Amino acid sequence: MKTNRRCRALLAVSLNLMALLFSTTAFITTHWCEGTQRVPKPSCGKEKKTNCLNYGGNETANETNQNVVHYSWETGDDRFLFRYFHTGIWYSCEENINAAGEKCRSFIDLAPASEKGVLWLSVVSEVLYIMLLVVGFSLMCLELFHSSSVIDGLKLNAFAAVFTVLSGLLGMVAHMMYTQVFQVTVSLGPEDWRPHSWDYGWSFCLAWGSFTCCMAASVTTLNSYTKTVIEFRHKRKIFEQGFREEQNFLDQEAIKYYRERTEEERAEAGDLRLQCLHSCSPN
């Protein structure tokens, strides 16, 4: 029994630790959603010869004279670049088409004003989710390594299960709220940011993987608690049943003993009466 309880507790601790690592990684990374943005190609110049629009004519003159009308034979999507972008809770980063590297801006500033409250609520829920995971993990470690008695271990187990379940519910709500905010931002966000195509990234997968591990840890903890309580109740029932049987056996033995003693006393009393009658009777 003790070995099974320890194995279940170790499994719950491992799942909780994975959930904590996944959630922390997803919270600080910027790959919840990723895709491409369609932006106009810049004009070709001395430093940029590719992925640009060449209007022909005197490029230097065109650059200095802002009133010159530029013409290009490129139409449709040929006039645009598709740059890669990825977005997280805090920042949205996109490929820099004019230089190497990426440029990032705050996703909170990109979100529409009507969704900023929901986004901040999502951030707060994510923080509480991670904090409750830490509390649940600490209680599970205490139950695994420092519980002095089975009763104390059961109490820690119950509290760890409650905190883990609450953290999982908060995490689920936070992920769904962020998804809603991002979808609204895709439609109502700034023109220069709106994605042409997008999909969920590996940070989003980590976030839901964290939720899965969290709920698995809570189920394992509750299962350990329930099994331990059932085993204790079963042992108590067997002990009480055995105690009753032993008590009944002792009572029967006592009754039998008293009956035998009573019969012996009656026999002795009868013998004494007979002796008295013989001794007291005249010859």
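Residues numbered from 1 in each chain as written. Predicted model: local features only at pLDDT ≥ 70, side-chain atom pairs only at ≥ 80, totals over all residues. Heavy atoms only, no water.

The name that an unreviewed UniProt entry assigns to the protein is Germ cell-specific gene 1-like protein, with the source organism given as Erpornis zantholeuca. Checking UniProt for the protein, the heading Sequence similarities (unreviewed entry) contains the comment "Belongs to the GSG1 family." (UniProt positions renumbered as here; feature names shortened; annotations may be inferred.)

### Here we look at a nonpolar patch on the surface
Side chains of V124, V127, L128 and M131 sit close together on the surface and give an oily, nonpolar patch of about 320 Å² of accessible area. Inspection of the secondary structure assignment puts L128 in helix α4 (residues 116–145). (Patch = residues over 30% accessible without salt bridge, like charges linked within 9 Å, V, L, I, M, F, W, Y side chains within 5 Å. Areas by Shrake-Rupley, 256 points an atom, 1.4 Å probe, with all protein chains shown as cover. Salt bridge = Lys/Arg side-chain N within 4 Å of Asp/Glu carboxyl O. Helix = DSSP H or I, 4+ residues; strand = E, 2+ residues; numbered from the N terminus.)

### Overview of the UniProt feature "transmembrane region" (unreviewed entry) in the protein
As annotated by UniProt and renumbered to match this structure, "transmembrane region" (unreviewed entry) occupies residues 127–146, 158–180 and 200–226. Counting secondary structure, residues 127–146 comes out at 95% helix and 0% strand; the distance between its end C-alpha atoms is 28 Å. Between the end C-alpha atoms of residues 158–180 there is a gap of 34 Å, over a span that is 100% helix and 0% strand.

### Focus on the nonpolar core
If you look at the biggest cluster of nonpolar residues, it comprises 28 residues, and the most contacted ones within it are W32, F107, L119, Y178 and F182. Of all the elements in the fold, those that place two or more residues in this core are α1 (2–28), α3 (107–110), α4, α5 (150–188) and α6 (202–280). Setting aside anything within four residues of it in sequence, one finds Y178 in contact with W32, C33, T87, G88, I89, F107, L119 and S122. Within the second largest apolar cluster, 11 residues are counted, among which are A12, L15, L139 and L144. (Core = buried A, V, L, I, M, F, W, Y, C linked by side-chain atoms within 4.5 Å. Buried < 20%, exposed > 50% of the residue type's maximum accessible area, 1.4 Å probe, protein only. Contact = heavy atoms within 4.5 Å.)

### Here we look at the pattern of salt bridges
Under the defined criterion, the tally for this structure stands at four salt bridges. Note that R83 is salt-bridged to E94, the shortest N-O span being 3.6 Å. With a gap of 11 residues between them, R83 in strand β2 (residues 80–87) and E94 in strand β3 (residues 91–95) connect regions that are remote in the sequence. Note on accessibility: R83 and E94 belong to one class, buried. The partner of E191 in a salt bridge is R194, with the nearest N and O atoms 3.4 Å apart. The exposed category is assigned to E191, whose relative accessible area is 65%. A single network of salt bridges, built from pairs that share partners, joins R83, E94, R105 and D192.

### Comments concerning the environment of F107
Tracing the chain through its elements places F107 in helix α3. Remark: the alpha-carbon pair of F107 and Y91, spanning 16 residues in sequence, is separated by 4.7 Å. For F107, the residues in contact, after removing those within four places along its chain, are T87, G88, I89, W90, Y91, S92, L119, Y178, V181, F182, T185 and W193.

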